[in-house]
Amino acid sequence: MTTTATPSTSEVELAIGGMTCASCAARIEKKLNRMDGVEATVNYATEKAKVTYREDIAVDDLIATVEATGYTAAPPAPSGADGREGPAGDAADREDEELQPLRRRLATAVALAVPVIALAMVPAWQFEYWQWLSLTLTAPVVTYAAWPFHRAAFTNARHGAATMDTLISVGTGAAFLWSLWALFLGTAGVPGMTHGFEFTVARSDGAGNIYLEAAAGVTAFILTGRYFEARSKRKAGAALKALLELGAKEVTVLRGGREERIPTAELAVGDRFVVRPGEKIATDGTVVEGSSAVDASMLTGESVPVEVAVGDGVTGATLNAGGRLVVEATRIGADTQLARMAKLVEDAQNGKAAAQRLADRISAVFVPVVIALAVATLGFWLGSGAGWTAAFTAAVAVLIIACPCALGLATPTALMVGTGRGAQLGILIKGPEVLETTRRVDTVVLDKTGTVTTGRMTLLAVHTAEGQDETEVLRLAGALEHASEHPVARAVAAGAAERTGTLPSPEDFANVPGLGVQGVVDGHAVLVGREALLAEWAMELPAALKRAKREAEAAGRTVVAVAWDGEARAVLEVADAVRPTSAEAVARLRELGLTPILLTGDNTAVAEAVAAEVGIDEVIAEVMPQDKVDVVKRLQAEGRSVAMVGDGVNDAAALAQADLGLAMGTGTDAAIEAGDLTLVRGDLRAAADAVRLARRTLATIRSNLFWAFAYNVAALPLAAAGLLNPMIAGAAMAFSSVFVVGNSLRLRGFRAAA
């Protein structure tokens, strides 16, 4: 699938085959970037190349360049209508097909290498012709089991390049060929020959020494590392696959007044479909019939089901936990929230952090440097008179232990696991560069409406005159307001219905422009609106209600007066309610070392009241939407690294300007596109979780890189000094890759703060 990136360029994602290490990825990336008008990023862990190219370049040209480099490339499979690339079962089958040959070679290598290593390590087991049995067992290991290394080394040699496979192939091949020479032309083949196993290299003439255990053992150890590495990479990307698998497979549509069961892929925008209790909602849409509670926890991480009714939007892949719904499809396929989430996660996993780009550059030059070091080691030991055995063993150990596979896996695996875990928790990280930014952020600017508050008017308090019943006040006021479409009226009606139950129907309802509403409810002549509306009917608020009104207005709330039968009965406070979790979220952001600032276009009194409620000290109020960007710029000019959390169209520019933009997933598409992180569940606490996860992922990447670098830096001198034999070097090298992947997989245990 090709998508337009700019008017003059296009973008494509190619599936790359045949890569065996980070150096392979670096080579392909280098070749593609040499093409005029092409920018490419190749990710070893995801085995994909993200390529931006001029429209006059064909995708086939890109594929040909990759193939000329010695690897395979293919465009992604066409997306189905549900936004997924082919059936999930096919993907699982393809993965199993990739692992099966590796599994067979590993089984062969381990089964045959174990007796070879045992014979070499235990002199007491070395019977008269043990060396010839070792040769018989080692030959299939070095030829069949190690064939992928030899094939890759040969392919790269044809193109004048060297990769990690070159080191492995040369090392194991040299050990095997040396052993053949010693057995057939030297003294190692004589009956009864024995030699001990040592961690260090002993000097001798070499004619009586064989290294079959090194050739077999190194192959087995490295194949073991590659196999677990391949499995771990699959596991690291499992969150994305799980995300894609959330969607419903079939749906019941209404056609011609009849219910018809069809595959979800056949749904079209405008189709109406039935969702029964316990079923998944097939795609994004609007409820046109029925009401229910919808469990969105699998998609957003939010544990509390959301009540939906006619007119409310619902998201595909969420679970209908209550009544029967009829939903009209508004978005299908790649346009759905689920598909967009998956695309964001995949884009983030395919990107590269600054640390990864450094690792790639090092890997690209590492192999020739290591080969030169191995040759130098061989020359030094020969020059010092140590003999061919010591020189050869040290050189092979250098070749084997140098493979920086761990270096190539350090960033991609941590990034895959971290972004995948984030998606499960309703946190979408757009790219690896976000991680670096998150570490530096020290100030967080919070938009008020829709971020710290709910973004909708809510009935907050009821003040009644002496002797009046609150329930009666709400019942009569709510009944009248229910007939109005004004946001304040809807807030009063919703609050009244929630507290009193079913509301009566009003009679003679009339809207009084700019003042409120009037009508008859249960025989009472009721007025609901401004104090001026009551004054028109010669009614005045009692002193207690006037005082409550002044205090509410000082806090920036809207006050609604209620009267009936010629007497003022109550005042109601309506405002954009603070989210119940906002105060806790602000406290968590402070714990992370961030200074919170409330930014809003509302008046100062409202802003300060909200800030005081959630624990924010610094308030910037009465800011026009276009000026929000200037506020962020001013803070940056003061030397602050700014994170911005917002949800509306008016926040999009500020989100883009901020060092780190966090968009509430319940907000507008413009805000989500402008943000670096998207908080799917619309809970401000997720902002703190997102920062924690991003920092934890970055810390994992750094620890991975440290151990990969430290391992190579520490091990190479030991190998060159002859203190490691090739088999131990191979085991250590394989372990380093498995360690890095295992360290990354620890991110799967990340939990949102309780």
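Just so you know, these numbers come straight off a predicted model, no measurement behind them.

Draft legend 1. The arrangement of the overall build of the protein chain in detail. A tally of regular secondary structure across the protein chain gives 26 helices and 27 strands. Residues counted as buried form 53% of the 754 residues belonging to the protein chain. For the protein chain, long-range pairs separated by at least 24 residues make up 70% of all intrachain contacts whose partners lie at least 6 apart in sequence.

Draft legend 2. The arrangement of the sheet that holds strand S10 (residues 292–295) in detail. Sheet architecture is open: 3 strands sit in the order S11-S10-S13, paired in antiparallel fashion. The open sheet is flanked by strand S11 (306–308) and strand S13 (319–320), the only strands paired with a single partner. With 2 bridges connecting them, S10 and S13 associate as antiparallel partners. Across the sheet, the residue bridging to Asp-295 is Leu-319, located in S13.

Draft legend 3. Layout of the side chain of Ser-582. Mapped onto the fold, Ser-582 is located in helix H20 (residues 582–591). The buried category is assigned to Ser-582, whose relative accessible area is 0%. Within polar-contact distance, the side chain of Ser-582 engages the backbone oxygen of Val-452 at 2.6 Å. Dropping the residues within four chain positions of it, Ser-582 is found in contact with Thr-451, Val-452, Val-614 and Leu-684.

Draft legend 4. View of helix H16 (residues 470–481). For H16, built from 12 residues, the straight-helix expectation of 16 Å at 1.5 Å per residue is met to within 8% by its first-to-last C-alpha distance of 16 Å. Among the residues of H16, those classed as buried are Val-473, Leu-474, Leu-476, Ala-477, Gly-478, Ala-479, Leu-480 and Glu-481.

Draft legend 5. Layout of the packing of aromatic side chains. The full count for this structure, using the stated rule, is 3 aromatic pairs. With centroids separated by 5.2 Å and ring planes inclined at 75°, the aromatic side chains of Trp-132 and Phe-184 adopt a geometry described as edge-to-face. Here Trp-132 is found in helix H4 (residues 130–145), whereas its partner Phe-184 is found in helix H6 (residues 164–184), with 52 residues between them in sequence. Relative accessible area serves as the criterion here: at 25%, Trp-132 is assigned to the partly exposed category. Seen in terms of ring centroids, Trp-707 and Phe-739 are 6.1 Å apart; in terms of plane orientation they differ by 80°. Their pairing is edge-to-face. Of the two residues, Trp-707 sits in helix H25 (residues 685–720) while Phe-739 sits in helix H26 (residues 726–745), which places them 32 residues apart along the sequence. Here a set of aromatic residues connected by ring pairs shows up, and it is made of Phe-706, Trp-707 and Phe-739.

Draft legend 6. Fine view of a nonpolar patch on the surface. On the surface, a cluster of nonpolar side chains totalling about 460 Å² of accessible area is made up of Phe-706, Trp-707, Phe-735 and Phe-739. Listing elements by their share of the nonpolar patch, those giving two or more residues are H25 and H26. If you trace the backbone, Phe-735 turns up in helix H26.

Draft legend 7. The arrangement of the UniProt feature "transmembrane region" (unreviewed entry) in the protein chain in detail. Mapped onto this numbering, the UniProt entry gives "transmembrane region" (unreviewed entry) at residues 106–123, 129–147, 167–190, 210–228, 362–382, 388–411, 705–721 and 727–745. Summarising residues 129–147: 89% helix, 0% strand, and an end-to-end C-alpha distance of 27 Å. The span residues 167–190 carries 75% helix and 0% strand; its end-to-end C-alpha distance comes to 31 Å.

Draft legend 8. Examining the sheet that holds strand S23 (residues 595–599) more closely. Pairing is mixed across the open sheet formed by 7 strands, whose spatial order is S15-S27-S26-S25-S16-S23-S24. The open sheet has two edge strands, strand S15 (427–429) and strand S24 (618–620), and neither has a second partner. Across this sheet, the average inter-strand angle for adjacent strands is 20°, counted without regard to direction.

Draft legend 9. Quick peek at the pairing of strand S25 (residues 642–646). For S25, a buried count of 5 out of 5 residues is recorded, marking the element as mostly surrounded by other parts of the structure. Side-chain alternation along S25 places Val-642, Met-644 and Gly-646 on one buried face and Ala-643 and Val-645 on a second face that is also buried. Two strands pair when backbone bridges link them, and strand S16 (residues 443–447) and S25 are joined in this way by 4 bridges, in the parallel orientation. Counterpart to Val-445 in the pairing with S25 is Met-644. One ladder, built from 4 bridges, connects S25 with strand S26 (residues 660–664); its direction is parallel. Bridge pairing in S26 links Ala-643 to Leu-660.

Draft legend 10. Spotlight on the nonpolar core. Formed by 48 residues in total, the largest nonpolar core has its most connected members in Leu-446, Leu-662 and Leu-677. A total of 10 residues in this core trace back to one element, the largest contributor, which is H25. Excluding its chain neighbours within four sequence positions, the residues that come into contact with Leu-677 are Ile-427, Leu-428, Ile-429, Val-434, Leu-660, Gly-661, Leu-662, Ala-663 and Ala-690. Within the second largest apolar cluster, 37 residues are counted, among which are Leu-106, Val-141, Val-142 and Ile-210.

Draft legend 11. Spotlight on the pattern of salt bridges. On inspection of all chains with the given rule, the structure shows 26 salt bridges. Close ionic contact of Glu-279 with Arg-261 constitutes a salt bridge, the shortest N to O distance being 3.9 Å. Taken together, the residues Glu-279 in the loop between strand S8 (272–275) and strand S9 (284–289) and Arg-261 in strand S7 (residues 258–263) connect sequence positions 18 residues apart. Since its relative accessible area comes to 22%, Glu-279 is described here as partly exposed. Ionic pairing is found between Glu-567 and Arg-569, a salt bridge with its closest N-O pair at 3.9 Å.

Draft legend 12. Representation of helix H21 (residues 604–614) within the structure. Those residues of H21 not exposed but buried are Val-606, Ala-607, Val-610, Ala-611 and Val-614. What you see down the axis of H21 is that its buried residues fit within an arc of 130°, all on one side. Just downstream of H21 lies Gly-615, where phi reads positive at about 90°.

Draft legend 13. Region of the structure containing the pairing of S9. Sheet topology note: the S9/strand S14 (residues 325–331) ladder contains 5 bridges and is antiparallel. Across the sheet, residue Thr-286 finds its bridge partner in S14, namely Glu-328.

Draft legend 14. How the structure looks around the confidence of the model for the protein chain. Across the protein chain, pLDDT averages 79, with 80% of residues at or above 70. Confidence scores differ between elements of the protein chain, with strand S1 (residues 3–6) showing the lowest mean pLDDT of 47 and H4 the highest of 93. With pLDDT under 50 throughout, residues 1–6 is counted as low confidence; its partners more than four residues away or in other chains account for 14 contacts. Within the model, pLDDT remains below 50 along residues 79–91, and this stretch shows 22 contacts once partners closer than five positions in the same chain are excluded.

Draft legend 15. The packing of H16 against helix H17 (residues 487–500), seen in detail. In the contact formed by H16 and H17, the axes pass within 8 Å of each other and the chain directions differ by 135°. Between H16 and H17, the angle is such that the two are oblique. The two elements H16 and H17 cross, and the hand of that crossing is left-handed. Counting all contacts with H16, which are made through Glu-470, Thr-471, Leu-474, Arg-475, Gly-478 and Glu-481, the residues of H17 involved are Ala-489, Val-492, Ala-493, Ala-496, Arg-499 and Thr-500. Looking at the contact of H16 with H17, its residues break down into 5 nonpolar, 3 polar and 4 charged.

Draft legend 16. Geometry of unusual backbone geometry. Within the chain, Ala-317 stands out as a residue other than glycine whose phi angle is a positive 85°. Tracing the backbone shows Ala-317 in the loop between strand S12 (313–314) and S13. When its relative accessible area of 0% is taken as the criterion, Ala-317 is described as buried. With a phi angle near 50°, Asp-522 is a residue other than glycine that sits in the positive phi range. For Asp-522, the location among the structural elements is in the loop between strand S19 (516–521) and strand S20 (524–529).

Rules behind the numbers
- Residues numbered from 1 in each chain as written.
- Predicted model: local features only at pLDDT ≥ 70, side-chain atom pairs only at ≥ 80, totals over all residues.
- Heavy atoms only, no water.
- Helix = DSSP H or I, 4+ residues; strand = E, 2+ residues; numbered from the N terminus.
- Buried < 20%, exposed > 50% of the residue type's maximum accessible area, 1.4 Å probe, protein only.
- Contact = heavy atoms within 4.5 Å.
- Pairing = 2+ DSSP bridges.
- Polar contact = N/O pair within 3.5 Å; in protein donor to acceptor, adjacent residues only side chain to side chain.
- Expected span 1.5 Å × (residues − 1).
- Phe/Tyr/Trp six-rings, centres within 6.5 Å; stacked < 30°, edge-to-face > 60°.
- Patch = residues over 30% accessible without salt bridge, like charges linked within 9 Å, V, L, I, M, F, W, Y side chains within 5 Å.
- Areas by Shrake-Rupley, 256 points an atom, 1.4 Å probe, with all protein chains shown as cover.
- Salt bridge = Lys/Arg side-chain N within 4 Å of Asp/Glu carboxyl O.
- UniProt positions renumbered as here; feature names shortened; annotations may be inferred.
- Axes fitted to C-alpha atoms, helices over the stretch in contact; angles between N-to-C directions.
- Core = buried A, V, L, I, M, F, W, Y, C linked by side-chain atoms within 4.5 Å.
- Arc of directions from axis to C-beta.
- pLDDT = per-residue confidence, 0-100.
- Parallel < 35°, antiparallel > 145°, perpendicular 65-115°, else oblique.
- Left-handed = near helix turned anticlockwise from the far one by under 90°.
- Nonpolar A, V, L, I, M, F, W, Y, C, P; charged D, E, K, R; others polar.

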